[in-house]
Amino acid sequence: MKKSITINILRILPFVFLTACGNLTEEAEKRLNELNKKAESLDSFINKEVNKVISLDSLIDTERKKVKILDSLINKSSSKIDSIAKKGSKLLEKITN
């Protein structure tokens with residue numbers, strides 16, 4: 001009797017073990033899929049933020065070019081104003097002398 005119980009337990013034990021391993025495998029796959037979804041979501045978020053940074057960088061470059069153009073115009077205008085002021089002071093000097 002004990003021998004037959006032991007034999008039956010030994011016959012059932014591999015099935016129990018395989019079923020337990022199958023459940024663990026399914027659980028591991030489920031968690032890996034969840035982790036993969038989170039990683040994809042994070043990757044998408046990072047890509048959006050990188051695109052924002054690239055867009056901002058492009059905008060900064062455009063504005064920097066505008067500032068250089070304005071700076072050049074200001075320098076030209078101030079040179080013209082200085083030239084006019086010098087001519088005016090020379091004329092004033094001639095008139096007063």
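Residues numbered from 1 in each chain as written. Predicted model: local features only at pLDDT ≥ 70, side-chain atom pairs only at ≥ 80, totals over all residues. Heavy atoms only, no water.

Caption draft 1: Looking closely at the overall build of the chain. When helices and strands are counted, the chain shows 1 helix and 0 strands. Counting the 97 residues in the chain, one finds 0% classified as buried. Roughly 9,400 Å² of accessible area belongs to the chain as shown, and the carbon and sulfur atoms make up 65% of that amount. (Helix = DSSP H or I, 4+ residues; strand = E, 2+ residues; numbered from the N terminus. Buried < 20%, exposed > 50% of the residue type's maximum accessible area, 1.4 Å probe, protein only. Areas by Shrake-Rupley, 256 points an atom, 1.4 Å probe, with all protein chains shown as cover.)

Caption draft 2: Fine view of the pattern of salt bridges. Counting across every chain of the model gives 4 salt bridges. Salt-bridge contacts for glutamate 49 lead to lysine 52; the nearest nitrogen and oxygen are separated by 3.4 Å. You can see glutamate 49 and its partner lysine 52 sitting in helix 1 (residues 2-96), 3 residues apart, about one turn around the helix. Take lysine 52: its relative accessible area is 51%, and that puts it in the exposed class. Residue glutamate 63 pairs with lysine 66 through a salt bridge whose shortest N-O separation is 3.4 Å. Here glutamate 63 pairs with lysine 66, and both are found in helix 1, just 3 residues apart, close to one helical turn. Residue lysine 66 is classed as partly exposed on the basis of its relative accessible area of 45%. (Salt bridge = Lys/Arg side-chain N within 4 Å of Asp/Glu carboxyl O.)

Caption draft 3: Structural detail: a nonpolar patch on the surface. On the surface, a cluster of nonpolar side chains totalling about 470 Å² of accessible area is made up of Leu42, Phe45, Ile46, Val50 and Ile54. Looking at the element boundaries, isoleucine 54 is found in helix 1. (Patch = residues over 30% accessible without salt bridge, like charges linked within 9 Å, V, L, I, M, F, W, Y side chains within 5 Å.)

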